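# A closer look at the structure
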Amino acid sequence: MTNKIAIITGASRGLGRSMALHLAKRGVGVIGTYRSGAAEAETLRQEIEALGGKSAMIALDVSASAGFPAFAETVADTLRTQFGRERFDYLVNNAGHGLHALLTDTTEAQFDSIIDTHLRGPIFLTQKLLPLIEDGGRILNVSSGFVRVTMAGYGLYAAAKAAIQTMTKFMAVELGARQIRVNTISPGAIETDFGGGVVRDDEHVNAFVAQTIALGRVGQADDIGGAVAAILSDEMGWANGATFDVSGGQAV
Ligand SMILES: NC(=O)c1ccc[n+]([C@@H]2O[C@H](COP(=O)([O-])OP(=O)(O)OC[C@H]3O[C@@H](n4cnc5c(N)ncnc54)[C@H](OP(=O)(O)O)[C@@H]3O)[C@@H](O)[C@H]2O)c1
């Protein structure tokens, strides 16, 4: 994987942060994005540099597509000035937030926020960045176990994640001519700040979820960071249009 460069959206915390560190340990340069966590992103950048890796952090709101052209210009400039490259290799569409609201109560503002972040964002960000992705590169979209496992209150979020999972297959078909592989990772429940940190911080929720997982515990960010690095490795080059369920065997 050496000399490759990955862009990871939402790298300042949680799963994206772990993905960045796992990729950096394999010699991959990391351009991470953050929305509000500039200080966390800077800490991550320093950690990667301390590992001997190369990293840059750029602000991005994935729910605001009007900012994507300027972001793409910043990426092109960062590649040239900090990495000595014209293009990058891996795009991980990770950034996002949850929503707990019954479909019967969901507001149109909540709908817009979820769809803008989890569907409009990944599609149009990918579109804008495609000229900067090397032929033979990879795109990995982050979905969710909620596409498979139902729980009241997560319907809209799950529907958006199902849509990106389906989009992945069509992107794979459309980008095959450029040898760009497009896959989805579908994490089960992981202890992060996601959803207000409920899986991590509420011991009853944690225990309830753990007993639905074959391995008997909820996931940690590193369970996904490591999986992402593995999925992006050269050995996984024949995987395309696939969804990787990485959940410890949740409700299988
Ligand atoms: N944790 C789980 O159980 C779980 C399971 C399945 C799937 N997922 C998915 O995995 C992804 C990462 O979740 P996580 O658990 O790492 O959550 P997290 O710990 O809350 O971190 C979310 C990250 O996304 C960024 N972000 C949120 N909204 C954004 C926006 N509109 N624009 C740009 N960046 C934004 C945050 O940036 P700032 O902090 O800088 O604002 C942060 O870096 C999400 O797509 C989530 O749906 C999570």
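For the structure given in this document, a descriptive report is provided here.

Here is what the cut-offs are and how they apply
- Residues numbered from 1 in each chain as written.
- Predicted model: local features only at pLDDT ≥ 70, side-chain atom pairs only at ≥ 80, totals over all residues.
- Heavy atoms only, no water.
- Helix = DSSP H or I, 4+ residues; strand = E, 2+ residues; numbered from the N terminus.
- Buried < 20%, exposed > 50% of the residue type's maximum accessible area, 1.4 Å probe, protein only.
- Core = buried A, V, L, I, M, F, W, Y, C linked by side-chain atoms within 4.5 Å.
- Contact = heavy atoms within 4.5 Å.
- Near = heavy atom within 4 Å.
- Polar contact = N/O pair within 3.5 Å; in protein donor to acceptor, adjacent residues only side chain to side chain.
- Areas by Shrake-Rupley, 256 points an atom, 1.4 Å probe, with all protein chains shown as cover.
- Nonpolar A, V, L, I, M, F, W, Y, C, P; charged D, E, K, R; others polar.
- Phe/Tyr/Trp six-rings, centres within 6.5 Å; stacked < 30°, edge-to-face > 60°.
- Salt bridge = Lys/Arg side-chain N within 4 Å of Asp/Glu carboxyl O.

Located in the positive-phi region is Gln-179, a residue other than glycine, with phi close to 60°. By the secondary structure assignment, Gln-179 is in the loop between helix H5 (155–175) and strand S6 (181–187). Given a relative accessible area of 47%, Gln-179 falls into the partly exposed group. The phi angle at Ala-251 is positive, at roughly 50°, despite the residue not being glycine. Tracing the backbone through its elements, the reader meets Ala-251 in the segment after strand S7 (243–246). On the accessibility criterion, Ala-251 (43% relative accessible area) is partly exposed.

With that settled, the discussion passes to the nonpolar core. Formed by 31 residues in total, the largest nonpolar core has its most connected members in Ile-8, Met-19, Leu-23, Ile-48, Val-92, Ile-185 and Val-228. Secondary structure elements with two or more residues in this core: strand S1 (5–8), helix H1 (14–25), strand S2 (29–34), helix H2 (38–50), strand S4 (88–93), strand S5 (133–142) and helix H8 (221–231). Excluding anything up to four places from it in sequence, Ile-48 contacts Ala-20, Leu-21, Ala-24, Val-30, Gly-53, Lys-54, Ser-55 and Met-57. Phe-71, Ala-72, Phe-83 and Ala-95 belong to the second-largest nonpolar core, a separate cluster that totals 28 residues.

Taken together, 30 residues sit near the ligand, with Arg-13, Gly-37, Asn-94, Tyr-157 and Thr-192 positioned nearest. Separating an oxygen atom of the ligand from a backbone N or O atom of Gly-37 is a distance of 2.7 Å. Between the ligand and Ile-190 there is a distance of 2.9 Å, counted from an oxygen atom to a backbone nitrogen or oxygen. Contact with the protein chains removes 97% of the 900 Å² of surface that the ligand exposes when unbound. Counting only elements with at least two residues in the shell around the ligand, the list comes to H1 and H5. Partitioned by chemical class, the residues of the shell around the ligand number 12 nonpolar, 13 polar and five charged.

Right, let's talk about the packing of aromatic side chains for a bit. Under the criterion given, the structure shown has three aromatic pairs. On the numbers, 4.3 Å between centres and 10° between planes, the contact of Phe-146 with Tyr-154 is stacked. By relative accessible area, which is 16% here, Tyr-154 ends up buried. By the ring-pair criterion, three or more aromatic residues cluster together here, those being Phe-146, Tyr-154, Tyr-157 and Phe-194.

Turning our eyes to something else, we now look at the pattern of salt bridges. Taken as a whole and judged by the stated rule, the model has 12 salt bridges. One salt bridge connects Arg-17 with Glu-47, and the closest N-O pair in it is separated by 2.7 Å. Taken as a pair, Arg-17 in helix H1 and Glu-47 in helix H2 lie far apart in primary sequence, 30 residues in all. The partly exposed category is assigned to Arg-17, whose relative accessible area is 24%. Residue class for Glu-47 comes out partly exposed when judged on its relative accessible area of 30%. A salt bridge links Arg-45 to Glu-42, with the shortest nitrogen-to-oxygen separation between them at 2.9 Å. A residue pair is termed a helical-turn pair when its members lie 3 or 4 positions apart in one helix, as Arg-45 and Glu-42 do in helix H2 at three residues. In this structure Arg-45 comes out as partly exposed when scored by relative accessible area, which is 24%. A single salt-bridge network, built from bridges that share partners, covers Arg-13, Asp-193, Arg-200 and Asp-201.

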